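Read off the chains here:
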Amino acid sequence: MNQVWKAPKLRVIIVVTVIIVLIAVKGVESGIGVNWGTLSDHRMSPETVVDLLLQNRISKVKLFDADPSIVEAIRGTHIQLMLGIPNHMLQLLSTSTSAADSWVSANLTRHFRAHPQPDIRYVAVGNEPFLTSYAAQFQSYVMPALVNLQQSLIKANLARSVKLVVPCNADAYQSSLPSQGAFRTDLTPIITQLLSFLNSNGSPFVVNIYPFLSLYGNSDFPQDYAFFGGTNHPLMDGPNVYYNAFDGNYDTLVAALDRIGYGQMPIVIGEVGWPTDGAISANLTAARAFNQGLVNHLLSNKGTPLRPGSPPLDVYLFGLLDEAAKDTLPGNFERHWGIFSFDGQAKYALNLGLGSNMLKNARNVEYLPSRWCVANPAKDLSSVANHFKLACTVADCTTLSYGSSCYGIGLKENVSYAFNSYYQLRKQDAVSCDFDGLGMITFLDPSVGQCRFLVGVADSDTSSSPTWRGRRTIIYSLVFPGIIAILLEAICLM
């Protein structure tokens, strides 16, 4: 039996501790938020996206960087922010207090000096830095970076209002049964240090949970167990019965935390969701079923067997918008996690329980003219292969893959889809629809059934040059006494 229930006196102590910790994390405002990723070929303006958030009464947003244009657009609203520091910056921040001071000054202090101030609650230091596939590349930098940044927050008088967190992937812990959950042996020392840091500074533990990936990566995984509608394959764990993968995964974390003395640590779900395209199990029906089931489950306040009546502190859906420039190494579905399409149009009916009923579409989206690039029906397509490859290397063609919404639409339609994706990416430059005479511009929408041929948005700030489609260059400036260090990162996206 869990140690919490053995001695009434111990229970009282733990409850008081939890209350103190929760107060330190700015109250117990449990809520549903979204991840706002920006790796898109067609980006709406930050102001348009913020209006979309406000329309849908979404008041919690998690970013993967600290884009000042987004922070500025959100400033003055009721939206709470979690900013992000990319993994590649951890090494510098772990070795340089000046770099940490500069980051806090540039991305926090400058905004808090404005009126009205933005409501920045958290800074995510790295994103899944302990992921197995990273082979400990960032592991040694996490704690020193946290310590340096915490000292910078203290010097800037922001330590009480802004909390540092480290989003972890669920592969940081493991077990065949939730009650036997434990952190990976290679991570136990650093996780113990991390939890001590979080606990001391009133920060929650942030974890990303993806039942979709369990289903996608394991043909024997029971499909109904991934959702919230009940299952014929419940997981029996002593007196506890698990009817969905989310609860099982969550309680595995709870048990792992308890095993090293932090069983009452507040938990935030940093990412959870279901993609709508790019794989057989990624479709509109499944995504709606999962996300609506998740929301209903959270709003019921039932909690889980190991934390009854106590759902996660906050939950951030992944994601707000589709991101057609994301890396597809994990799978083509990576570009289709949004509850909205790239242009802010709701993909399916979803009630987030935030008072707005069903999702509302973005307003005042500035589209390019209604025209498309398609394969010229009068031309022989026997030599189209290289052009098709070029178009799909530069633009997004993931919906043409097996099991996706545009799979099986036909040879000419496949070519047309590829040509149009490239054409829209190039902002409808007429030359980009030439393809040695194999392409032609049309004013008739060539969409086929559920396969949508997009029209780009006019207010995108993403470069239309195909040279940079495969690599996105991110520039960070860190101001030191007397010098400015410019960090360039070329991120492979293809």
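Going by the structure above, here's the rest.
Summarised in this report is the structure supplied together with it. Computed from a predicted structure; not experimentally measured. Within each chain, residues carry numbers counting from 1 in the order of the written sequence. For this predicted model, a pLDDT threshold of at least 70 governs which residues receive local features, and a threshold of 80 or more governs which side-chain atom pairs are given and counted, while totals over whole chains, interfaces and linings are taken from all residues. Each side-chain value is worked out from all heavy atoms of the structure, with water and hydrogens disregarded.

Our focus in this paragraph is the overall build of the protein chain. The secondary structure content of the protein chain amounts to 12 helices and 19 strands. Looking at the protein chain residue by residue over its 494 residues, the buried ones come to 55%. With the model as given, the accessible surface of the protein chain reaches about 21,200 Å², and the carbon-plus-sulfur share is 55%. A run of H or I in DSSP counts as a helix once it spans at least four residues, and a run of E counts as a strand once it spans at least two, with each numbered from the N terminus. The buried label applies to any residue whose accessible area, calculated with a 1.4 Å probe on protein chains only, is under 20% of its type's maximum; exposed applies above 50%, and partly exposed to all values in between. A 1.4 Å probe and the Shrake-Rupley method give the accessible areas. Residues count as covered only by the protein chains that appear here.

Counting 108 residues, the largest nonpolar core has Trp36, Leu83, Trp103, Leu108, Phe183, Leu194 and Phe205 as its most contacted members. Tallying contributions element by element places helix H9 (residues 245–259) first for this core, with seven residues. Buried residues of nine kinds, namely Ala, Val, Leu, Ile, Met, Phe, Trp, Tyr and Cys, make up a nonpolar core once their side-chain atoms join them within 4.5 Å. Listed in part, the 27 residues of the second largest apolar core include Ala391, Val394, Tyr422 and Tyr423.

Let us now look at the packing of aromatic side chains. Here the aromatic set is Phe, Tyr and Trp, taking the six-membered ring for Trp, and pairing holds for ring centres within 6.5 Å; pairs whose planes are under 30 degrees apart are stacked, those over 60 apart are edge-to-face, and all others are tilted. Tallied over the full model, the rule gives 24 aromatic pairs. Relative to Phe138, the ring of Tyr134 lies with its centre 5.2 Å away and its plane at 90°, an arrangement referred to as edge-to-face. The partly exposed category is assigned to Tyr134, whose relative accessible area is 29%.

The next subject is the pairing of strand E4 (residues 119–125). Burial of E4 is extensive: six of the seven residues sit out of reach of the surface. When the strands point away from the viewer and the connection leading from the first strand across the helix to the second strand turns clockwise, the crossover is called right-handed. At this point the chain moves from E4, through helix H6 (residues 142–155), to the parallel strand E5 (residues 163–165), and the crossover so formed is right-handed.

Let's shift gears to the state of the cysteines. Our working definition of a disulfide is a cysteine sulfur pair at a distance within 2.5 Å. One pass over the structure, following the stated rule, counts three disulfides. Paired through a disulfide, Cys373 and Cys433 show a sulfur-sulfur distance of 2.0 Å. Across the S-S bond linking Cys373 and Cys433, the dihedral sits near 90°, which makes this disulfide right-handed. Of this pair, Cys373 sits in strand E16 (residues 372–375) while Cys433 sits in the loop between helix H12 (411–425) and strand E17 (439–442); the two residues are 60 residues apart in sequence, bridging distant segments of the chain. Using a relative accessible area of 0% as the deciding quantity, one classes Cys373 as buried. Cys433 sits in the buried class, given a relative accessible area of 3%.

In the segment running from His115 into Pro116, the intervening peptide bond is cis, with an omega of -5°. Tracing the chain through its elements places Pro116 in the loop between helix H5 (97–112) and E4. Note that the residue after Phe318, namely Gly319, is joined by a cis bond; omega there is -5°. In this structure, Gly319 sits in the loop between strand E15 (314–317) and E16. In the Ramachandran plot, Glu128 falls in the positive-phi region, its phi being about 50° despite a non-glycine side chain. Mapped onto the elements, Glu128 comes out in the loop between E4 and H6. Residue Glu128 is classed as buried on the basis of its relative accessible area of 11%. Positive phi values are uncommon outside glycine, yet Ala135 reaches one of about 50°. Looking at the element boundaries, Ala135 is found in the loop between E4 and H6. In this structure Ala135 comes out as exposed when scored by relative accessible area, which is 62%.

If you trace the backbone, Tyr216 turns up in helix H8 (residues 211–216). Overall, the relative accessible area of 41% leaves Tyr216 in the partly exposed class. The spacing of Tyr216 and Gly331 is 115 residues in sequence and 9.5 Å in space, taken between C-alpha atoms. Residues contacting Tyr216, with those up to four places away along its chain left out, are Ala279, Pro330, Gly331 and Phe333. The contact criterion used throughout is that any non-hydrogen atoms of two residues lie within 4.5 Å.

Before going further, it helps to examine the pairing of strand E12 (residues 267–272). Looking along a regular strand, one sees the side chains alternate between the two faces of the sheet. In terms of burial, E12 is largely enclosed, as six of its six residues are buried. Whether two strands pair comes down to DSSP finding at least two bridges between them. Pairing of strand E9 (residues 205–208) with E12, which is carried by four bridges, proceeds in the parallel orientation. Bridge pairing in E12 places Asn208 opposite Glu271.

Moving on, we get to the pattern of salt bridges. Basic side-chain nitrogens of Lys or Arg form a salt bridge, by our definition, when they fall within 4 Å of a carboxyl oxygen of Asp or Glu. One pass over the full model with this rule turns up 13 salt bridges. The partner of Lys62 in a salt bridge is Glu271, and the shortest N-O contact between them spans 3.7 Å. Of this pair, Lys62 sits in strand E2 (residues 60–63) while Glu271 sits in strand E12, and the two are 209 residues apart along the sequence. For Glu271, a relative accessible area of 5% gives the class buried. One salt bridge connects Arg121 with Asp119, and the closest N-O pair in it is separated by 2.8 Å. Exposure remark for Arg121: the relative accessible area of 13% places this residue in the buried category.

Take the environment of Val50 next. Take Val50: it is sitting in helix H2 (residues 46–55). What makes Val50 buried here is its relative accessible area of 5%. Between the alpha carbons of Val50 and Ile70 there is a distance of 8.3 Å; along the sequence they are 20 residues apart. Setting aside residues no more than four positions away along its own chain, Val50 makes contact with Trp36, Ala73, Ile74, Thr77 and Ile79.

Strand order in the open sheet formed by nine strands is E5-E4-E3-E2-E1-E15-E12-E9-E6, and the pairing between neighbours is parallel. With one partner strand each, in any of the chains shown, E5 and strand E6 (168–169) form the two edges of the open sheet. Where strand E1 (residues 31–36) meets E2, three bridges bridge the pair, whose relative direction is parallel. Within E2, the residue paired with Val34 across the bridge is Val61. Contacting E1 and E2, H2 crosses the sheet at an angle of about 160° to E1. To get an axis, a line is fitted to the C-alpha atoms, and for a helix only the part in contact is used. The angle between two axes follows their N-to-C directions and goes from 0 to 180 degrees.

In short, geometric facts, not functional conclusions.
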